[in-house]
Amino acid sequence: MSCTMNHLQRVLTLRMYMIVGLFIVPMIMVFLYGRTYCQYEAPYGFESSLELRSPVAPLTVVKDEPAKPPEVMKKKKTVLYWTKMFSSKNFYLSERGVDGDIFANCPVSFCMGTNDRNYQPVEEFDALLFHGPELNAKDLPKTRSANQRYIFMDSETQVFHPVPNRPEFNNFFNWTMAYRRDADIMRPYGIFRKLDTNEVIPPYIPAQWLNVSDGNVSESTSLLFKKKSKMSAWFVSHCGTNSKREDIARKLQEYVTVDIYGKCGKFQCSRANEDECYEQLEQGYFFYLSFENSMCRDYITEKVYRILDYDVIPVVYGAADYETFLPPNSYINVKDFPSIEALATFLRELSQDEERYLSYFKWKSFYKVDTKKHYIVCEFCKALHDPYLPRQVIANIYDWWAKGSQCVPPLEIN
Ligand SMILES: *[C@@H]1O[C@H](CO)[C@@H](O)[C@H](O)[C@H]1NC(C)=O
Ligand SMILES: *[C@@H]1O[C@H](CO)[C@@H](O)[C@H](O)[C@H]1NC(C)=O
Ligand SMILES: *[C@@H]1O[C@H](CO)[C@@H](O)[C@H](O)[C@H]1NC(C)=O
């Protein structure tokens, strides 16, 4: 009897061990594993604080366990450019073109990109890139593997590039790549680097900038001031826009000179010699109108970044938090003035005050602007190799793109 009891007890204990071993331990492990990965949920590109991210991130992203365990990550990552991006077959990811190794010189460079759909079976690519405006529900890959990442990429705002609201694109994309801070791979039009270390300054993190007031202004910049004779210029080819920037420019023209180059004005500078146009701008003008075509959060384009490379002060108009994206005292924001007339008065005063005008270039002692997209290519390759990024599905790309862009009406001007 006691023998049977003992036997039964032993069997029960064994069962208990088995239950613990087979179910509870793995459950605890999965739980702990999941917790570790949760710490890596910040969007790629830049480390960001989740509080900052939350106001923009719409609730359409579903995340799961990580894609692959670390040991599998040694293979070269392959990227297929499924669509074109306008005239570029390689998404303008590099100036080097399709045949060059765009990932060369990246810290993590074990990646390759191609637009050749027959390079290997399509389900074997690690990532597929789709350009928003060229999305075509009739031309989608026939096979897909669960470890691949389908990436939505756009360079404009949803105002100009709306995404088709089609069921084919629900639960279709895994990552986004766009100018927005809540994109998985943030792709701003420009970034800043520390002058001495070349280190990238993450955009949109408040209070990150140094106090630049102790900076020096180079001799060449001081000499340029003496050459300048005209107030402001604007290179523009879209005359009527959603942001109504043209109304602001017209109003400003009532008070100060605004030379409008291109289709919408009477001045010409050939786009074929863009660099030359910018050099003439720098020699002749005090200010440049860096007016965005749409008023959307985080939307700051090359209209600002390219100008900051020259010794001209950009007058910015848009809906981004400029003070977090750009160095202090490097630009003038239309929004900071009660009226266009007050803005004009300020510009006129600044153009007559050498010391004060030149103080807008002090930031150049500490930072330099970088408008090449190469470092984004590198971030992209790094992300593809990152074993800690969770599985992720964007439930509704239409919502993410349209609602998440947070576009606002134009400024009321007076
Ligand atoms: C920046 O530094 C200058 C002098 O070094 C100081 O007068 C000024 O108050 C500082 N500005 C800010 C915003 O800290
Ligand atoms: C500015 O110039 C002074 C004098 O040459 C130098 O001591 C100082 O380090 C310079 N500041 C910066 C930020 O380069
Ligand atoms: C990508 O999205 C697909 C479709 O929803 C999903 O099945 C897959 O698990 C996702 N892959 C990764 C690596 O996130």
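Residues numbered from 1 in each chain as written. Chains lettered and ligands numbered in written order. Predicted model: local features only at pLDDT ≥ 70, side-chain atom pairs only at ≥ 80, totals over all residues.

- The protein appears in an unreviewed UniProt entry as Fucosyltransferase from Neodiprion lecontei.
- What the UniProt record of the protein gives under Sequence similarities (unreviewed entry) is the line "Belongs to the glycosyltransferase 10 family."
- Recorded in UniProt under Pathway (unreviewed entry), the annotation for the protein is "Protein modification; protein glycosylation." (UniProt positions renumbered as here; feature names shortened; annotations may be inferred.)

## Re the overall build of the protein
- Broken down by element type, the protein carries eleven helices and 17 strands.
- Out of the 414 residues belonging to the protein, those deemed buried represent 35%.
- Contacts in the protein between residues far apart in sequence, at least 24 positions, make up 75% of those at least 6 positions apart. (Helix = DSSP H or I, 4+ residues; strand = E, 2+ residues; numbered from the N terminus. Buried ≥ 20, exposed ≤ 12 C-beta atoms within 10 Å, placed from the backbone. Contact = placed C-beta atoms within 7 Å.)

## A short note on the pairing of strand β12 (residues 258–261)
- Here strand β11 (residues 230–235) runs beside β12; their pairing, made up of four bridges, is parallel. Each residue of the ladder has a partner; that of Ala233, found in β12, is Asp259.
- Between the parallel elements β11 and β12, the chain passes through helix α4 (residues 245–253) in a crossover that is right-handed. (Pairing = 2+ DSSP bridges. Right-handed = clockwise from strand over helix to strand, strands pointing away.)

## A closer look at the packing of α4 against helix α8 (residues 340–351)
- It is at 9 Å that the axes of α4 and α8 come closest, and there the two elements cross at 60 degrees. Taken together, α4 and α8 sit at an angle that is classed as oblique. Handedness of the α4/α8 crossing: right-handed. Every residue of α8 that contacts α4 at Ile248, Lys251 and Leu252 is listed here: Ile340, Leu343 and Ala344.
- A per-class count over the contact of α4 with α8 returns five nonpolar, no polar and one charged. (Axes fitted to C-alpha atoms, helices over the stretch in contact; angles between N-to-C directions. Parallel < 35°, antiparallel > 145°, perpendicular 65-115°, else oblique. Left-handed = near helix turned anticlockwise from the far one by under 90°. Nonpolar A, V, L, I, M, F, W, Y, C, P; charged D, E, K, R; others polar.)

## Quick look at the site of ligand 2
- Residues in close proximity to ligand 2 include Asp214, Gly215, Asn216 and Ser365, which together make up its full environment.
- Looking at the shell around ligand 2, its residues break down into no nonpolar, three polar and one charged. (Near = placed C-beta within 6 Å.)

## Focus: the sheet that holds strand β8 (residues 185–186)
- Read from one edge of the open sheet, six strands run β3-β2-β4-β5-β7-β8, paired in parallel fashion. A strand with exactly one partner marks an edge of an open sheet, and here the two such strands are β3 (111–114) and β8.
- Of the strand pairs in this sheet, strand β2 (residues 77–81) and β3 are connected by four bridges, and their pairing is parallel. Paired with Val79 across the strands is Gly113, a residue of β3.

## Quick look at the sheet that holds β12
- With parallel pairing, five strands are arranged side by side in an open sheet as β12-β11-β13-β14-β15. Each edge of the open sheet is held by one strand with a lone partner, namely β12 and β15 (332–333).

## Section: the environment of Leu80
- Turning to its location among the elements, Leu80 is positioned in strand β2.
- With 32 residues separating them in the primary sequence, Leu80 and Met112 have C-alpha atoms 8.7 Å apart.
- If near-sequence neighbours (up to four positions away) are discounted, Leu80 is found in contact with Thr114, Arg117, Val122, Phe125 and Leu128.

## A word on the nonpolar core
- Of all hydrophobic cores here, the largest spans 92 residues; its most connected members are Leu129, Ile151, Trp234 and Tyr288.
- The leading source of residues in this core is strand β13 (residues 285–291), at six residues.
- Contact partners of Tyr288, with chain neighbours within four places excluded, come to Ser232, Ala233, Trp234, Leu281, Ile307, Val312, Pro314 and Val315. (Core = buried A, V, L, I, M, F, W, Y, C linked by C-beta atoms within 7 Å.)

## Remarks on the confidence of the model for the protein
- A residue-level look at the protein finds 80% of positions with pLDDT of 70 or above and a mean pLDDT of 85.
- Segment residues 1–5: pLDDT under 50, and zero contacts once partners within four positions in sequence are set aside and those in other chains are kept.
- In this model, residues 30–59 is a region of pLDDT below 50 whose contacts with residues beyond four sequence positions or in other chains number 45 contacts. (pLDDT = per-residue confidence, 0-100.)

## Observations regarding unusual backbone geometry
- For Asp298, which is not a glycine, the phi torsion comes out positive at approximately 70 degrees.
- Position of Asp298 among the secondary structure elements: in the loop between β13 and α6 (302–308).
- Phi angles above zero are rare outside glycine, and Gln406 is one such case at about 50 degrees.
- The residue Gln406 is located in the segment after α11 (397–402) in this model.

## Section: the environment of Glu354
- With respect to the helices, strands and loops of the structure, Glu354 is situated in helix α9 (residues 354–358).
- Among the residues examined, Glu354 registers 13 C-beta atoms within 10 Å and is labelled partly exposed.
- Counting along the chain gives 129 residues from Glu354 to Phe225, while the straight-line C-alpha distance between them is 7.2 Å.

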